[in-house]
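Structural overview
Below, each chain spelled out in residue letters.
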Amino acid sequence: VYPASNGIPRFIASIRSIAISGDRESILIGTEDACAYIVQAATGMIQHRLAGHERYVKAVAWSPCNKRVVTIAGPPDKTVRIWDVQNGTCTKELV
């Protein structure tokens, strides 16, 4: 990810998965660089970079309350991580 002149980030890594929050205010993006990004839908600005997987993020999802997100890494990592949306921290890892 790198900033563009208009402040909206551009992704260098390929996008593998996308999910829109229930309130439609944020977008969760899983990429080839083993990270997921929470992005403001209205501005395109990154709220959080969710790093911790060893492989690409093949699937992403929002909780019904929009307070947590789930990321799933591709093989051979195959871990599932649950993240707090407010502070961008991993609260649980499932192997």
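In this report, we go over the structure that sits alongside the text. Counting from 1, residues in each chain are numbered in the order their sequence is written. Local features are withheld for residues below a pLDDT of 70 in this predicted model, meaning they are given only at 70 or higher, and side-chain atom pairs are given and counted only at 80 or more; totals for whole chains, interfaces and linings count all residues. Note that water and hydrogens are dropped before the side-chain values are worked out from all heavy atoms of the structure.

Some thoughts on the nonpolar core
One broad trend across soluble globular proteins is that nonpolar side chains are buried collectively. Under the convention used in this document: Each nonpolar core is a collection of buried residues, namely Ala, Val, Leu, Ile, Met, Phe, Trp, Tyr and Cys, held together in the definition by side-chain atoms within 4.5 Å. Burial status follows relative accessibility: with a 1.4 Å probe on protein chains alone, a residue under 20% of its type maximum counts as buried, one over 50% as exposed, and anything between as partly exposed. To qualify as a helix, a DSSP run of H or I must reach at least 4 residues; to qualify as a strand, a run of E must reach at least 2; elements of each kind are numbered from the N terminus. It only takes one pair of heavy atoms within 4.5 Å for two residues to be counted as in contact.
Counting 11 residues, the largest nonpolar core consists of Ala19, Leu28, Ala36, Ile38, Leu50, Val57, Val60, Trp62, Val69, Trp83 and Val85. Looking at this core, the elements that each hand over two or more residues are β5 (35–40) and β7 (57–62). No other element matches the 3 residues that β7 contributes to this core. Contact partners of Trp62, with chain neighbours within four places excluded, come to Ala19, Ile20, Ser21, Ser26, Ile27, Leu28, Ile38, Arg68, Val69 and Val85.

A look at the pairing of strand β6 (residues 46–51)
Cut-off, in case you're wondering: Strand pairing is defined by DSSP finding a minimum of two bridges between the two strands.
Bridging between β5 and β6 involves 5 bridges; their strand directions are antiparallel. Bridged to Val39 within β6 is Ile46. The hairpin formed by β5 and β6 contains 5 residues between the paired strands, and Gly44 there has a positive phi angle of roughly 80°.

What about the sheet that holds β6?
What counts, and what does not: Orientation is described by axes fitted as lines to C-alpha atoms, over the contacting stretch for helices, and by angles from 0 to 180 degrees between their N-to-C directions.
In space, the 4 strands of this open sheet follow the order β3-β4-β5-β6, with antiparallel pairing throughout. At either margin of the open sheet sits one strand with a lone partner, and together these are β3 (15–20) and β6. On average, each strand axis in the sheet is inclined to that of its neighbour by 20°, with strand direction left out of account.

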